[in-house]
Amino acid sequence: MFPTSIAGSLPKPAWLAETQKLWPQWKAQGEELRQAKADATLLWIKAQEDAGLDIVGDGEQARQHFVHGFLEQVEGIDFEHKVKMGIRNNRYDAMVPQVVAPLKLRGRVHAFEAQLARAHTRRKLKFTLPGPMTIVDTVADRYYGDKEKMAFAFAELLNQEALALQADGVDIVQFDEPAFNVYMQEAALWGVKALERAARGLACTTAVHICYGYGIQANVDWKKSLGDEWRQYEQIFPALAASRIDQVSLECFHSHVPPDLMKLLEGKDVMVGVIDVASDVIETPEQVADTIGCALRFVAKHRLFPCTNCGLAPMDREVAVRKLNALVQGAQLARQRYG
Ligand code: ZN
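Summary of the structure given here. (Residues numbered from 1 in each chain as written. Predicted model: local features only at pLDDT ≥ 70, side-chain atom pairs only at ≥ 80, totals over all residues.)

A closer look at the overall build of the protein
In step 1: Scanning the protein from N- to C-terminus turns up ten helices and ten strands.
In step 2: Projected onto its principal axes, the C-alpha coordinates of the protein cover approximately 55 × 45 × 40 Å.
In step 3: Taking all 339 residues of the protein together, 49% fall into the buried category.
In step 4: The long-range share in the protein, meaning contacts at least 24 apart out of those at least 6 apart in sequence, stands at 78%. (Helix = DSSP H or I, 4+ residues; strand = E, 2+ residues; numbered from the N terminus. Buried ≥ 20, exposed ≤ 12 C-beta atoms within 10 Å, placed from the backbone. Contact = placed C-beta atoms within 7 Å.)

Structure follows, in structure tokens:
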């Protein structure tokens, strides 16, 4: 009961990349960088196991950013000439590469870290990929001229990589779609369909993570503008409930999401965010168990997966480790309370 996992990313050690940044520069190059990525991946698998997480991941140590890491292996994208673009409906600016030609994978994207992770843990392994709609919102289009069309083009490439990850032995493929919470109508209209295209043919567990973003200032400010009740999920959960995706990861603790919206996900596993990634304050096991207790009013026991609200990438490394411990201890307490 209550298997624990994180949303996906973890802080990169200072010897691998700049710390506390969303687009950090690597500290090495070539073969040295490859080895450093491998070392950081193993380090975090060990840390997740030590903390007692039931489902572990690679901590996204081998990619610079959760979207651009995938794009680096896509033909048809010009990484040499990045442009400044407002992303997430102009919430913040990012330097993004440009789509300039038909999209095609150059080969495998994440084989190295997925196979490495698989070889070094017996626990369930979750692997994250960006969702098609979020990719479309994090790249400049100079070729397709149509968001939906480009999303489906990316979905086909994601599907190729997802099927290969499954063959690598990954147990759960999760697509990250923070853009769903920004473009709710488009998400319900075609975003979920593009997501299903990306997950087509997968026999392993499939998941989608939808959040209010990393704990960066632009997101903290945005959240302040959303009012007392955040009802974005209400517009997209029905389409997800009707989809073939198995699990939905959502933000809960310290958010203004009305918890009863989780009812809309009946029939799905729900990864409930019980750890705040926008604060360095470490949750107590009681707080975590309380959040799980609150979610239990709307989610069946066997479908509740305690998780973090979002990735931990821009956080302090020590804080992240302590948050992993809090997650596991809180889930243990919840098992005693509600078991
Ligand atoms: Zn997130």
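Some thoughts on the environment of Ile 135
In step 1: Looking at the element boundaries, Ile 135 is found in helix H4 (residues 132–136).
In step 2: Judged by local crowding, Ile 135 falls into the buried class, with 31 C-beta atoms found within 10 Å.
In step 3: Apart from the residues lying within four places of it in its own chain, the contact partners of Ile 135 are Val 67, Pro 130 and Phe 154.

Structural notes on the sheet that holds strand S3 (residues 92–105)
In step 1: Spatially, the three strands line up as an open sheet ordered S2-S3-S5, and their pairing is mixed. With one partner strand each, in any of the chains shown, strand S2 (74–87) and strand S5 (140–141) form the two edges of the open sheet.
In step 2: Inspection of the sheet shows S2 paired to S3 by nine bridges, in the antiparallel sense. Residue pairing for S3: Asp 78 is matched across the bridge by Gln 98.
In step 3: Where helix H5 (residues 147–167) meets the sheet, its contacts fall on S2, S3 and S5, and the angle it forms with S3 comes to roughly 75°. (Pairing = 2+ DSSP bridges. Axes fitted to C-alpha atoms, helices over the stretch in contact; angles between N-to-C directions.)

Points about the nonpolar core
Soluble globular proteins tend to bury their nonpolar side chains together.
In step 1: Formed by 106 residues in total, the largest nonpolar core has its most connected members in Phe 154, Leu 240, Val 270, Val 272, Val 274 and Ile 292.
In step 2: If we skip the residues at most four places from it in the chain, Phe 154 touches Leu 103, Pro 132, Ile 135 and Val 136. (Core = buried A, V, L, I, M, F, W, Y, C linked by C-beta atoms within 7 Å.)

Topic: the sheet that holds strand S8 (residues 247–250)
In step 1: Reading across the sheet, the seven strands line up as S1-S4-S6-S7-S8-S9-S10 and stay open at both edges, with parallel pairing between neighbours. Every other strand in the sheet has two partners, leaving strand S1 (55–56) and strand S10 (304–308) as the edge strands with one partner each.
In step 2: Bridging between strand S4 (residues 124–130) and strand S6 (residues 172–176) involves five bridges; their strand directions are parallel. Paired with Pro 130 across the two strands is Asp 176, which belongs to S6.

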